[in-house]
Amino acid sequence: MARHIKKGDTVEIICGDHKGATGTVMKMTSDGNRAIVEGLNLAYKHVRPTQQNPQGGRIRVEQPIHISNILPVNPKSSKGTRVRFEVGKNGVKKRVATDGSEIGVVIRAKKK
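Rules of the game
- Every chain begins its residue count from 1, and numbering advances along the sequence as written.
- Totals for whole chains, interfaces and linings use all residues, but because this is a predicted model, local features are given only for residues with pLDDT of at least 70 and pairs of side-chain atoms are given and counted only at 80 or more.
- Side-chain metrics in this entry use all non-hydrogen atoms of the structure; hydrogen atoms and water are not considered.
- Labels follow the DSSP assignment, with helices taken as runs of H or I lasting at least four residues and strands as runs of E lasting at least two, numbered in each case from the N terminus.
- Here a polar contact is recorded for every N or O atom pair within 3.5 Å, except that within protein the pair must consist of a potential hydrogen donor and a potential acceptor, and residues adjacent in sequence are included only if both atoms are side-chain atoms.
- What makes two residues a contact is simply this: any of their non-hydrogen atoms within 4.5 Å.
- Throughout this description, buried means an accessible area under 20% of the type-specific maximum (1.4 Å probe, protein chains only), exposed means over 50%, and partly exposed covers the range between.
- Strands qualify as paired when DSSP identifies two bridges or more between them.
- The rule is short: rings of Phe, Tyr and Trp, with Trp giving its six-membered ring, pair when the centres are within 6.5 Å, and they are stacked under 30 degrees, edge-to-face over 60, tilted in between.
- Distance and angle both matter: a charge sits over a ring if NZ of Lys or CZ of Arg is within 6 Å of the ring centre and within 35 degrees of the ring normal.
- Among buried residues, those of type Ala, Val, Leu, Ile, Met, Phe, Trp, Tyr and Cys that are joined through side-chain atoms within 4.5 Å constitute a nonpolar core.
- In the sections that follow, a salt bridge refers to a side-chain nitrogen of Lys or Arg positioned within 4 Å of a carboxyl oxygen of Asp or Glu.

**Student:** Talk me through the side chain of Thr 81; I want residue IDs and the actual numbers.
**Tutor:** Relative to the assigned elements, Thr 81 resides in the loop between strand S7 (70-72) and strand S8 (83-87). Within the structure, Thr 81 has its side chain in polar contact with the side chain of Thr 98 (distance 3.3 Å). Excluding its chain neighbours within four sequence positions, the residues that come into contact with Thr 81 are Leu 71, Pro 72, Asn 74, Ala 97, Thr 98 and Ile 103.

**Student:** How would you summarise the environment of Arg 3 if you had to cite specific residues and measurements?
**Tutor:** Among the secondary structure elements, Arg 3 is positioned in the segment before strand S1 (10-13). A relative accessible area of 35% places Arg 3 in the partly exposed class. When near neighbours in sequence (up to four residues on either side) are disregarded, Arg 3 contacts Asp 31, Gly 32, Asn 33, Ile 67, Phe 85 and Arg 95.

**Student:** Tell me about the pairing of S1, residues and numbers included.
**Tutor:** Pairing geometry for S1 and strand S2 (residues 22-28), over 3 bridges, is antiparallel. The partner of Val 11 across the bridge, within S2, is Gly 23.

**Student:** Can you break down the packing of aromatic side chains residue by residue, with the values?
**Tutor:** Two aromatic rings are characterised by how far apart their centres lie and by the angle between their planes. Taken as a whole and assessed by the stated rule, the structure comprises 0 aromatic pairs. In this structure, Arg 58 is placed above the aromatic ring of Tyr 44, and the distance from its NZ or CZ to the ring centre is 3.8 Å. Over the ring of Tyr 44 we find Arg 60; its NZ or CZ atom is 4.6 Å from the centre of that ring.

**Student:** Please set out the nonpolar core residue by residue, giving values where relevant.
**Tutor:** Grouped together as the largest cluster of nonpolar side chains are 9 residues: Ile 5, Val 11, Ile 13, Val 25, Ala 35, Val 37, Leu 40, Ile 65 and Ile 70. Among the secondary structure elements, those contributing two or more residues to this core are S1 and strand S3 (34-37). Filtering out sequence-adjacent residues up to four positions away, Val 11 remains in contact with Ile 5, Ala 21, Thr 22, Gly 23, Val 25, Val 37, Ile 70, Leu 71, Pro 72 and Val 73.

**Student:** Give a description of the pattern of salt bridges that names residues and reports values.
**Tutor:** Counted according to the given criterion, the structure contains 2 salt bridges. One salt bridge in this structure joins Arg 95 and Asp 9, with 2.7 Å as the shortest N-O distance. Placement of Arg 95 in strand S9 (residues 93-97) and of Asp 9 in the segment before S1 is noted, with a sequence separation of 86 residues between them. The pair formed by Arg 95 and Asp 9 is uniform in burial state, with each residue classed as buried. Notably, a salt bridge pairs Glu 86 with Arg 84, separated by 3.2 Å at the nearest N-O pair. Residue Arg 84 is classed as partly exposed on the basis of its relative accessible area, which comes to 39%.

What follows is the structure, given as structure tokens:
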């Protein structure tokens, strides 16, 4: 089943501590139900001293957010929007915002 979020999308957080914040999806988890958004949902990670990081200490890392808590940003209104999927006449599957503006291509048409 197609997901309404993919890597590289600009998304808006709709609940939690970062409600209303926007960011770019850096990575989707392997199960496809969580996304890592750049600069949001940060947590401290304690690291040991290594050759790359001789001081050690605490670093801030992004934690995954469930995709039910994020919405893709509509390029027309710059706000989060729900998405539906449409298949064009040439076989291209597209994500379309509820107001009708196209958000992105999901599956390209197969060459015959």
